Structures are given as C-alpha cells and as structure tokens.
Amino acid sequence: MSNTRPLLEVRNLRVEFPTRRGTLVALDDVSFDIHPGEVLGVVGESGAGKSMTGAAIIGLLEPPGRIAGGTISLAGRRIDNLPYKEMRTVRGREIGAIFQDPLTTLNPLYTVGRQLVETMTTHLPIGPGEARKKAIEWLELVGIPAAAQRIDSYPHEFSGGMRQRVVIALALCAEPKLIVADEPTTALDVSIQAQVIALLKTLAREKGTSMMLVTHDMGVIAETADRVAVMYAGRIAEIGAVRNVVKHPSHPYTIGLMGSIPPISHRLERLQQIEGSMPRLSAIPKGCAYNPRCPHVFDRCRSERPELIPARDTQAACWLYDPASGTQAAEVRADA
Amino acid sequence: MPDMIPAADTRPMLETQDVARFFDVSRPLIQRLLAGEGKRMLRAVDGVSFSIPKGTTLSLVGESGCGKSTVARLVVGLYRPTRGTVIFDGQDLAQARADSTQRRRMQMIFQDPYASLNPRWRVRDIIAEPIRAFGLLKTDAEIEARVAELLTHVGLSPLDGQKYPHEFSGGQRQRISIARALSSNPEFLVCDEPTSALDVSVQAQILNLMKDLQRELGLTYLFISHNLAVVRQVSDRVGVMYLGRVVELAPAETLFTTPRHPYTRALMEAIPDLDMTGRQRIPVGGEVPSPINPPSGCPFHPRCPLANDRCRAELPQLIPARDTPEAVVACHAVEEGRDGGPMPGVALAETGAAVAAS
C-alpha cells in the first residue's frame, strides 16, 4: 500500500478551542494517510476526537474550534487553508460526508430527487434531465424500492434506514474520491445497520472510493475497515491493519478497550473493565494521556509524551515499545 | 405458564399476564369526522406474558419500537395496562403501588443519566430523596450515613455527595442513578437500557457493578436492551420482542446456542462480526412494520424467509419449541418443523476465542 501516493495526508493536525478559561486542545499532533480505495476506521470513546478529525477534514469544525497547526492534503493539494467558497466545491465534489442523523443532512423542504439533482448539477458537467435519470439509478443502487416513484418523496416520508440510504446516495452521487462517514449506522437498529454497512462496503469497493469511517462500534470497524486508528484524548494511540489492531493490539488502551467489549459467543463471569474515565480536555495528564488508567505505567509515561512508534504488529504511541525505555518496559512488555 | 423455571422460592417476583398497552394516535375528533375515519390505535405492547423468579434476571431484547421500554414502564406502573395484569410478588401491581411499603420494593434505572438526574440538586439530595419520600430513616445523621454508604457501594466517594450531577462523567452519573435506585432497599429493579448511552469501557464497569449488586443484595432484574452481547452477559432468561409481542422466550444459554425464531436468528446474524471469521452475513431484508397497522397473521411474516400462507393468516402462539422445549417460540415454521430444527446460532458457530489479547 505504501507504493501508491496517499489520497489523503493528515500531518500533525492540531485543533484548538479558545475558551474564556484558556485554550483547549481537542486534537494534538494527529497524522495519518488514507490510500486510494482504502477504508480507514477511526475509533474511540466519546470525546476522544474522532468526529473532530472528520469535521476538520471536511472543513466543518464548529466555531470557535479552529485548525491551529498541521496540514491536510487531498491528492497532493492542501485543503485545510482554503477559503470557504473553495472548500464548498471540494466538499461534495471531492469529499462526500455522511453523518449519524440523516435528518441533519437532508433538507426537509425539498424532495430527495431535487437534492440529488442539485448536488449532481452543481458538481458534475450534466444537465437536470440527465441528473434526474442518474438520481433514479442512485436510489436503485442504494436499495430504495420503486425508486422512480420515491424520487419525488420528501425525507419525512422515508423510514430511518431508508433515509440513511438516501444520504449515502447523496454523498456518493457526485462521485467523490473520499467519503467521511461519521457514525453512519449508530442511529439505526442492528438489522438495518447490517444492511447499511453491507451497502457502504460494496459501493466503496465498486467505485474505488476511499473512506474514513468514524465510529465507536468496534464490530462495524472489524467488518468494514482495512486499517484502523484508535484515538484517545485527542491523539492517535494506535494505528495499524484492522486484523492486527483487533486481534493483537499493542497499546494498553486498545487492549483494555477490546477486552471490555462484551462477547456474544460466551458468557463471562466478569467483563474486563478500564478503571476511571477519559480525562476532560481541560485536564489532560502530563506525559502519556492514558497513564493514570494504565496497568503498565512506569516513570517515563508520567513525564514524556509518546509518539507513534512500531510496536509488535502495529504502530502505538506507548513507551513500552521504545527500546530506549530500558529494562522496566521490557519486563512489562513480556508480561503483557 | 410454560416458561416458568421451578425456583426455590416458588412465587415469582414479577409476573405479567397477557399485558397490553395501546396508545390513541387518532387525529382530533373534528378532523376524524370530516375525513370519515375511525380511531387509530398504536399497539405498543400486545399480549405479553412472562414471569421473573426471585433473584434472577430476565432480559427483553428487540429493535426500536418493539415495545420493550413500554413493558418496562408497565411493570413499574408508570403506564396502566390497557389489558391484562401485572402481578408483583403475588399482589396486583395497582394495589402494590398504592401501598408505599410495597412501592419502595421496586425501582427503575433509566437509559440517559443526563436526563434522569435533577441538575439543580446535589447528589446527596438526589440519593436521599427516596429515603425521605418513603420515610425510611428519620434523622439527618442517619440519612447522611446511608447516602455515604450507598455512594461507596456503587464505587464513588462519600465526598461526591456534595457535588452536582454536571461534575460527573456519564458512567459516574449512571452510578448515581443506581445508588438512588438502591436507596429504598428495593428487591426488584427495572433497568431500561442502562448502558446504552455509555462508552464501552464504562459499560463494562456498570455491568460488573450490577452483577455484584445482584449477588450481594439478591436483586431481581428486568433488563431492557437492544444489545444482544450485553444481554448474554447479564441474563438468566431472555425474551425477544417484535412489534409488541414476545416471539421467543428461553433460558439465555439456550437462546444464544440454539436460537429458534427466524427473527431471533436474524438479529444474531446482524451483529457485526468482531472475530473477523470472514463469514458472509446475510442481512435480513425490510424493516419493522408500523405498530399502528401491524401485518396480519405473524407480525414477522413480511420479512421472514420461512413465511407461508398460514403465517400470513394466523397469529402464532408462544408454545414450547420442537426439540428445544425449554424455549417457547411463537412460530408456525418451528411448530411444523419447517425451520430445519435447532441450528447453532452464529454466536456458537464462531469458534474464535475472545478478542482480547491481554
């Protein structure tokens, strides 16, 4: 994968929220790539910064949040510093967005057909007649029955699962190279969720679209993503191929996170739990942000902030995997 | 009741007999008269019967709109049933609720710990409210000591009583909700999606806490959830609901190893595969129909791969399943043996060990 040029390159991204009580750092030194045709999963608990990362990429950070450092490049072109108007053409044409709640994406006053046609005529060199024909094709493709009739329905006339299908059609219809999907299945019931995941996967593969899939659901990631980034307190704790991160995680946080997922295959007397909770942005501990909860913490973790380094099968921001950490880390690593 | 398990203490903590709750969703009278249409009833719960032996956990699972939360509210008396009866420890619920010594024996934990705690009250007052309301303790010193004990019990510090709810994280707030529920020394807790709003690592903390409390205090739980994996961890028995009815009710182990109802199987099939066995999932098609206009016959028939003419016409009753009689299933296909007999659920087919590589 490393021989192709990445489609999206995020380097040292820093997002800040100025508040009356000082500046909160919501994202700190976040770097990753997404290659053409690749699905990158981004997981983490609430407040870890996963949605923030997606919002920064599509240029929709909620004010007063702002990008305070680093760069975001799409196909070699910087998009983090584009004027609002230019960013609007990037969004839709080059990056499609899917959000958790389909009702926030769809305009309740327009028929879904009008919204699809408008998106296509804005971004693609086609006229309204052809766009309408294509809109029907898209609705069929995402599995809306009787698409030719339903195209003139309003969003409220669709059920939740069908609405999310319309949103997917809307995100894909201008044939963007990258889709940023933020919790696309969280608002849906499991049986509908399975349908939507299957659909996203097939379409991304067929169209060769890259995808950044933000979710808290590890099961969805395991089924859909090629690689996965695990976020904690505004930083990437671990990143690697999905199988390695899910099956052989290295970072103690990822290990704890995986262990706390209740299994469906058997009953446990006790679930593994991570003590405590994620720190607030205003009180991120010195050194490694995870150190107060980490079962393997040692002196260095409390003073120095770890960068992503090679660790077993993945890359992890953890001093356990730095040879320079010395014997103490080696002992803990042998236990872990 | 075919689903009762003989228990040492024979009287179940809670029993529902053919309980139903309809909601009137008709348009205003004038509009109805002008349009010449009748009343429209939403059948949220339509004939649900189960019993929960003392000290055990019954879970109800199902997708949104299946009526599971309505059952929770019926069972604690927040709704009155349209039909049928709820029996709490041998006594009709309506009578039990009128008597505060009975009333304090049941409590409820809600899904959203942000909405269920009064933001203007200190935590100690929130937890002490049931104690004061039922007059369980007289002096302030006694109440203070009890609140401190409850806070410690749920893993918080007695000093946290001074604080307000906004100073706590979601998981800590759910601990406060649990402390409040426990403050009247209840025997029966109704938990409506208690961990759905929480992150997964915090969910594990709360589930472990609830298990510990059950063991220590001998609590009986009615546990409502949409998450089958969570349900597997906490339940003795599980009822699967679809469109206001229980379609399968079985001991947890039986349900997860040999799910019988086609809907139960579909639900399990739909769970994302964390073990990455590469198994191709076949998602069930279609969506849950409207409870205002439920389909004829079996409510699941429009989505069911085994549906035939009988399923479209005749409502199946909950009866012991062929080959796995400890499960009661409402399905003509299972009754007639058209389902191919008990098959291991996907949960069992995945032989992959636990994901955690600790």
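Residues numbered from 1 in each chain as written. Chains lettered and ligands numbered in written order. Predicted model: local features only at pLDDT ≥ 70, side-chain atom pairs only at ≥ 80, totals over all residues. Heavy atoms only, no water.

(A) Broad picture of the side chain of Ser73 of chain A. When you line up the elements, Ser73 of chain A lands in strand E4 (residues 66–74). On the accessibility criterion, Ser73 of chain A (12% relative accessible area) is buried. (Helix = DSSP H or I, 4+ residues; strand = E, 2+ residues; numbered from the N terminus. Buried < 20%, exposed > 50% of the residue type's maximum accessible area, 1.4 Å probe, protein only.)

(B) Main features of helix H7 (residues 160–172) of chain A. All names here are of chain A. Compared with the 18 Å implied by 1.5 Å per residue over 13 residues, the 19 Å span of H7 between its first and last C-alpha is a close match. Within H7, the full set of buried residues consists of Gly161, Met162, Arg163, Gln164, Arg165, Val166, Val167, Ile168, Ala169, Leu170, Ala171 and Leu172. Residues of H7 that are buried make contact with strand E6 (95–98), helix H3 (102–105), helix H4 (112–123), helix H5 (128–141), strand E7 (178–182) and helix H8 (190–207). (Expected span 1.5 Å × (residues − 1). Contact = heavy atoms within 4.5 Å.)

(C) Broad picture of unusual backbone geometry. The omega torsion across Pro63 of chain A and Pro64 of chain A is 10 degrees, close enough to zero to call that bond cis. The topology assignment puts Pro64 of chain A in the loop between helix H1 (50–57) and E4. Unusually for a residue other than glycine, Asp323 of chain B sits at a positive phi of about 70 degrees. In this fold, Asp323 of chain B is placed in the loop between strand E11 (319–320) and strand E12 (328–329).

(D) Structural context of the pairing of strand E3 (residues 39–43) of chain A. All names here are of chain A. Counting buried positions over the five residues of E3 gives five, a clear majority of the element. Neither face of E3 is left uncovered, since the one carrying Val39, Gly41 and Val43 and the one carrying Leu40 and Val42 both have all their residues buried. Of the pairings in the sheet, the one linking E3 to strand E8 (residues 210–214) comprises four bridges and is parallel in character. Paired with Val42 across the bridge in E8 is Val214. Pairing between E3 and strand E9 (residues 227–232): four bridges, direction parallel. By the bridge assignment, Gly41 is partnered in E9 with Val228. (Pairing = 2+ DSSP bridges.)

(E) Broad picture of the confidence of the model for chain A. The share of residues in chain A with pLDDT of 70 or more is 96%, and the mean pLDDT across the chain is 90. Summarising per-element confidence for chain A, the mean pLDDT is lowest in helix H13 (residues 327–335) of chain A (65) and highest in strand E10 (residues 235–241) of chain A (97). (pLDDT = per-residue confidence, 0-100.)

(F) Expanded view of the interface of chain B and chain A. In this assembly, 48 residues from chain B lie in contact with 48 residues from chain A. Summing both partners gives a buried area of about 4300 Å² for chain B against chain A, and 52% of it is carried by carbon and sulfur. Joining chain B to chain A, the criterion identifies two salt bridges. The salt bridge partner of Arg215 of chain B is Glu269 of chain A, with a shortest N-O separation of 3.9 Å. Applying the counting criterion to the chain B and chain A interface returns 17 residue pairs in polar contact (both at pLDDT 80 or more). When residues of the side of chain B that touches chain A are traced back to their parent elements, those giving at least two are helix H8 (200–217) and helix H9 (228–234) of chain B. Top element by residues in the side of chain B that touches chain A is H8 of chain B. It accounts for 11 residues. Its residues assigned to classes, the side of chain B that touches chain A shows 23 nonpolar, 12 polar and 13 charged. (Buried area = accessible area lost by both parts, 1.4 Å probe. Salt bridge = Lys/Arg side-chain N within 4 Å of Asp/Glu carboxyl O. Polar contact = N/O pair within 3.5 Å; in protein donor to acceptor, adjacent residues only side chain to side chain. Nonpolar A, V, L, I, M, F, W, Y, C, P; charged D, E, K, R; others polar.)

(G) Looking closely at the packing of H4 of chain A against H7 of chain A. Residue and element names in this part refer to chain A. Contact geometry of H4 with H7 gives a least axis separation of 9 Å together with a crossing angle of 15 degrees. The orientation of H4 relative to H7 falls into the category roughly parallel. The chirality of how H4 crosses H7 is right-handed. Contact with H4, carried on its side by Val112, Gln115, Leu116 and Thr119, involves Val166, Ala169 and Leu170 of H7 and no other residues of that element. Grouping the constituent residues of the contact of H4 with H7 by class yields five nonpolar, two polar and no charged. (Axes fitted to C-alpha atoms, helices over the stretch in contact; angles between N-to-C directions. Parallel < 35°, antiparallel > 145°, perpendicular 65-115°, else oblique. Left-handed = near helix turned anticlockwise from the far one by under 90°.)

(H) Spatial organisation of the environment of Val166 of chain A. All names here are of chain A. Tracing the chain through its elements places Val166 in helix H7. A relative accessible area of 2% places Val166 in the buried class. Spatially, the C-alpha atom of Val166 lies 6.8 Å from that of Leu139, the residues being 27 residues apart in sequence.

(I) Expanded view of the sheet that holds strand E3 (residues 57–61) of chain B. All names here are of chain B. The eight strands lie next to each other as E6-E7-E8-E3-E9-E10-E12-E11, forming an open sheet whose pairing is mixed. Two strands lie at the open edges of the sheet, namely strand E6 (106–109) and E11, each paired on one side alone. Bridging between strand E10 (residues 245–251) and E12 involves two bridges; their strand directions are antiparallel. For Glu248, the partnering residue across the bridge sits in E12 and is Val329. Sitting on the sheet, H8 is in contact with E3, strand E7 (188–192) and strand E8 (220–225), with an inclination near 160 degrees to E8. Its contacts with the sheet place helix H11 (residues 262–269) against strand E9 (237–242) and E10, and it is angled at close to 100 degrees to E9.

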